[in-house]
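Observations on the three-dimensional arrangement
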Amino acid sequence: MEATFYLSAAVAVAATLMVVTRASAVHALLYLIVSLLAVAVVFFVLGAPFVAALEVIIYAGAVMVLFVFVIMMLNLGTSAAVKEREWLSPRMWAGPAVLSALLLAELIYILVWNVPGTATISGRAAVESKEVGITLFGPYLLGVELASLLLLAGLVGACHLGWHTESGWGSRSESLSDRRGHENG
Amino acid sequence: MNEWTGIWANLILILAAVFAFSAMLSWIERRLLGLWQDRYGPNRVGPFGVLQIVADSIKLLTKEDWIPPFADRAVFVLAPAIVAVATLLAFAVVPLAPGIGVVDLNIGLLFFLAMSSLGVYSVVLGGWASNNKYSLLGGFRAAAQMLSYEVFMGLALMGVVMLAGSFNLRDIVAAQENLWFCIPQVLGLATFAVAGIAEARRLPFDLPESENELVAGFHTEYSSMKFGLFFIGEYVGITLISAMIVTLFFGGWLGPLLPPLVWFLLKTFIVIACFVLLRAALPRLRYDQLMAYGWKVMLPLTLVNLLITGAVVLSMA
């Protein structure tokens, strides 16, 4: 089982590197999906199957489909890929790379020196779906409710922005018949 | 050692059976359509035309496998594989009968939802990689349709999960010992069936390929076995949705007299026949109708179902 953890973790890291370096946006997104799936396997191996399933359903299955949808809509051609490649100059990535290297060093330090015996990585029993629900709606109830209020506000906002004053189909067919009337007249 | 051989036998037999049945399904569908529309359907190759699928697959395999020069090669090749892999993987959690099934997963239902949501990529990426207006439009429609219908597909099943108290499909079947969930969860069944048809991209909801307006939609540029994979993927998808409807709402393998496996296959076949009948009976929806129907009718219905089920479960406890 430990081998599956390292293998999927390696896949996640490699795929994420590919996300950063790809010039084509859709290819980058595909690698991001692979990375999310690999992270889901990591969760599963660590004993959190519920979180793993949600990772696939919500992130890989829903959020990323939206991303792909928007990128497809933009229909970036080869010129965008060329421009993207120009942006990937050392001057652009040196700064973020140093900061990420610091985080990586920290991670390695924690993994190697602070935890004796990395065999039991989580060090606790599997967290089943029931426990997730109980903690979310027990001690964290206020947080969940506040987050849902925030989402509701976003929903109302989107609804308002998408609202047409002359509503939907009726008015469109009306304007169409108007135009036809003008053409005839 | 004995345990391992059992697992492998299960795995290989189920894979072969699913593939064979899904392939046969194209013949079954055409014959049933013929029956209901007062005509013959394919009846030339072999007895009753049973071997039609053999002829079809030889044709598909020997056709030129053409990748358009303007397509995104890697994604174009990858796309048809995703749908076949995702739907076949989802079959791993379907319990056919006691002791028959590939894996007994505690999050079986979630695994099914996860795999069905990954299947979307096949259509979307196929449409995008073809680099063709009609394919791209098909891909757009697929993405929007799947997103809208996936939301209440998951919600529709939560009533079943509440009643059974588990995501494990075997536990869900066991919980239907006294009463099949199609009676207390009739709203859940209705909404899940609609979402299932949309996920399988079957006729009232086949907008991603709608051949009268988009040539062939997302698979316009596909030929040979790459098209064959989309084709098989669709039929495996229908079989999967039918098997899930039977498992979740019609008591899976439960039934008197006949052996469990026979009951399961019989029920699944009846549900599949209903799917085919829908295709024969219903016209295609308009795109805005599809979206409005999903968000304004089906989603509120599933929420009402959740509320009622929650109230009943609370009052019973």
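Residues numbered from 1 in each chain as written. Chains lettered and ligands numbered in written order. Predicted model: local features only at pLDDT ≥ 70, side-chain atom pairs only at ≥ 80, totals over all residues. Heavy atoms only, no water.

1. Remarks on the packing of aromatic side chains
Put simply, the test is: Centres within 6.5 Å make a pair out of two Phe, Tyr or Trp rings, where for Trp the six-membered ring is used; the pair is then stacked when the planes are under 30 degrees apart, edge-to-face when over 60, and tilted otherwise.
Overall, the coordinates contain eleven aromatic pairs over all chains when judged by the stated rule. Site record: aromatic cluster; members linked through ring pairs are Phe-76, Tyr-222 and Phe-230 of chain B.

2. Regarding helix α2 (residues 52–62) of chain B
All names here are of chain B. Where we set the bar: Relative accessibility decides the category of a residue: with a 1.4 Å probe and only protein chains considered, values under 20% of the type maximum give buried, values over 50% give exposed, and everything between is partly exposed. Helix and strand assignments come from DSSP, with helices taken as H or I runs of at least 4 residues and strands as E runs of at least 2, each series counted from the N terminus. Directions are taken from the helix axis to each C-beta atom, and the arc is the one they span.
Every buried residue of α2 is listed here: Gln-52, Ile-53, Asp-56 and Leu-60. Summarising the axial view, the buried residues of α2 lie within an arc of 90°, below the 170-degree limit, and thus occupy one face. Turned more than 90 degrees away from the buried face of α2 sit Leu-61 and Thr-62, all of them exposed.

3. A short note on the confidence of the model for chain A
Residue and element names in this part refer to chain A. What counts, and what does not: Per-residue confidence from the predictor is reported as pLDDT, a score between 0 and 100. Contacts are assigned to residue pairs with any non-hydrogen atoms lying within 4.5 Å of each other.
Per-residue confidence for chain A gives a mean pLDDT of 78; residues scoring 70 or more make up 79%. When the elements of chain A are averaged for pLDDT, helix α8 (residues 168–184) gives the smallest value, 47, and helix α7 (residues 141–162) the largest, 89. Segment residues 169–185: pLDDT under 50, and three contacts once partners within four positions in sequence are set aside and those in other chains are kept.

4. Notes on empty space enclosed by the protein
Residue and element names in this part refer to chain B. What counts here: Both cavities and pockets are sets of points on a 1 Å grid over the protein atoms alone; in a cavity a 1.4 Å probe fits but cannot get out, in a pocket the set is open with protein on both sides within 12 Å along at least five of seven lines, and lining residues sit with an atom within 4 Å of a point. Grid points are joined across faces, edges and corners, and a volume is the space filled by probe spheres set on the points.
By the definition in use, this model includes two cavities of 30 Å³ or more. Here the largest cavity defines a volume of roughly 170 Å³. Around the largest cavity sit 18 residues that line it, and Thr-87, Ser-116, Glu-199, Ala-200 and Gly-237 are the ones nearest its centre. Those elements that place two or more of their residues in the lining of the largest cavity are α3 (73–90), α4 (108–129), α5 (133–164) and α8 (224–249). For the lining of the largest cavity, the element with the highest residue contribution is α8, accounting for five residues.

5. Here's the deal with the pattern of salt bridges
Residues and elements named next belong to chain B. Cut-off, in case you're wondering: Take a side-chain nitrogen of Lys or Arg and a carboxyl oxygen of Asp or Glu: if they are within 4 Å of each other, that pair is a salt bridge.
If you walk through the whole model with that rule in mind, you get four salt bridges over all chains. Linking Glu-29 and Arg-279 is a salt bridge whose minimum nitrogen-to-oxygen distance equals 3.1 Å. Here the residue Glu-29 occupies a position in helix α1 (residues 2–36), and Arg-279 occupies one in helix α9 (residues 260–281), the gap between them amounting to 250 residues. Residue Asp-65 is joined to Lys-226 by a salt bridge in which the shortest nitrogen-to-oxygen separation is 2.9 Å. Note that Asp-65 is positioned in the loop between α2 and α3 and Lys-226 in helix α8, a separation of 161 residues in sequence. Judged by relative accessible area, which is 43%, Asp-65 ranks as partly exposed. According to the relative accessible area criterion, Lys-226 is buried, its value standing at 12%.

6. Regarding the layout of surface pockets
For clarity, the threshold we go by: Side-chain classes are defined by residue name, with Ala, Val, Leu, Ile, Met, Phe, Trp, Tyr, Cys and Pro counting as nonpolar, Asp, Glu, Lys and Arg as charged, and the others, Gly among them, as polar. Domain start and stop points were drawn from an automatic or database domain assignment.
Its volume calculated, the largest pocket comes out at about 2,000 Å³. Lining the largest pocket are 38 residues, with Phe-50, Leu-54 and Ile-58 of chain A together with Leu-155 and Met-158 of chain B positioned closest to its centre. Elements represented by at least two residues in the lining of the largest pocket include exactly α3 (49–74), α6 (129–137) and α7 of chain A together with α4 and α5 of chain B. The leading source of residues in the lining of the largest pocket is α5 of chain B, at eight residues. In the lining of the largest pocket, the residues fall into 25 nonpolar, eight polar and five charged. In terms of domain composition, the lining of the largest pocket takes at least three residues from each of domain 1 (2–127) and domain 2 (137–185) of chain A. If you add up the space inside the second largest pocket, you get close to 980 Å³. Taken together, 34 residues line the second largest pocket, and the ones lying closest to its centre are Leu-37 and Val-41 of chain A together with Leu-89, Met-115 and Leu-118 of chain B. Those elements giving two or more residues to the lining of the second largest pocket turn out to be α1 (2–21), α2 (25–45) and α3 of chain A together with α3 and α4 of chain B.

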